[in-house]
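Notes for the structure review
Residue strings, one per chain:
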Amino acid sequence: MKVFTPDAVAKAATNKYLGVLVAAKYARELNALPLERSPYGAEKLTTVAADALTSEDKKLQYRLVRARPTLIP
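The structure reproduced in this document is the subject of the present report. (Residues numbered from 1 in each chain as written. Predicted model: local features only at pLDDT ≥ 70, side-chain atom pairs only at ≥ 80, totals over all residues. Heavy atoms only, no water.)

**Looking at the pattern of salt bridges**
Rules: Each reported salt bridge corresponds to a side-chain nitrogen of Lys or Arg within 4 Å of a carboxyl oxygen of Asp or Glu. In this description a helix means any DSSP run of H or I spanning at least four residues, a strand means any run of E spanning at least two, and both kinds are numbered starting from the N terminus. Burial classification: accessible surface area is computed with a 1.4 Å probe over protein chains only, and a residue below 20% of its type maximum counts as buried, one above 50% as exposed, and the rest as partly exposed.
Under the counting rule described, the total for this entry stands at one salt bridge. Across the salt bridge formed by Lys 2 and Asp 51, the nearest N and O atoms sit 2.9 Å from each other. Within this pair, whereas Lys 2 is found in the segment before helix H1 (6-12), its partner Asp 51 is found in helix H3 (residues 45-54), the two being separated by 49 residues in sequence. According to the relative accessible area criterion, Asp 51 is partly exposed, its value standing at 22%.

Right, here's the structure in full:
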């Protein structure tokens with residue numbers, strides 16, 4: 001079992017909360033892929049996503065997009 005500390009996640013992202021959010025969204029994207037073509041095998045997708053975020057070779061890159069303000073009449 002691989003363990004990711006808050007410090008490792010915070011180094012990869014602006015802070016640990018943003019890092020967990022990015023990894024969770026990436027895990028959801030991986031979950032949408034067809035299971036029979038998954039190269040990850042029995043490894044949990046959340047572990048794969050956190051590993052991609054915290055890896056040295058920057059497997060996972062992200063950018064923040066501000067939400068457009070909604071117009072309420």
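The rest of the description comes next.
**Examining the side chain of Thr 54**
Short version of the rule: Any pair of nitrogen or oxygen atoms within 3.5 Å is treated as a polar contact; in protein, a donor-acceptor pairing is required on top of that, and neighbouring residues in sequence qualify only through side-chain atoms on both sides. Here, two residues are considered to be in contact whenever any of their heavy atoms come within 4.5 Å of each other.
Its location among the elements puts Thr 54 in helix H3. Polar side-chain contacts of Thr 54 include one of 2.9 Å to the backbone oxygen of Ala 50. Other than its neighbours up to four places away in sequence, Thr 54 contacts Phe 4, Ala 8, Val 9 and Ala 12.

**Things to note about the layout of surface pockets**
Just so we agree on the cut-off: Method remark: on a 1 Å grid restricted to protein atoms, a set of points is classed as a cavity if a 1.4 Å probe fits but cannot get out and as a pocket if it is open with protein on both sides within 12 Å along at least five of seven lines; lining residues have an atom within 4 Å of a point. Grid points are joined across faces, edges and corners, and a volume is the space filled by probe spheres set on the points.
Size it by volume and the largest pocket reaches roughly 180 Å³. Every residue along the wall of the largest pocket is listed here: Phe 4, Pro 6, Val 9, Lys 16, Tyr 17, Gly 19, Val 20, Ala 23, Ala 24, Thr 46, Ala 50 and Leu 53. Examining the composition of the lining of the largest pocket, we find that six residues originate from one element, helix H2 (residues 16-31), more than from any other.

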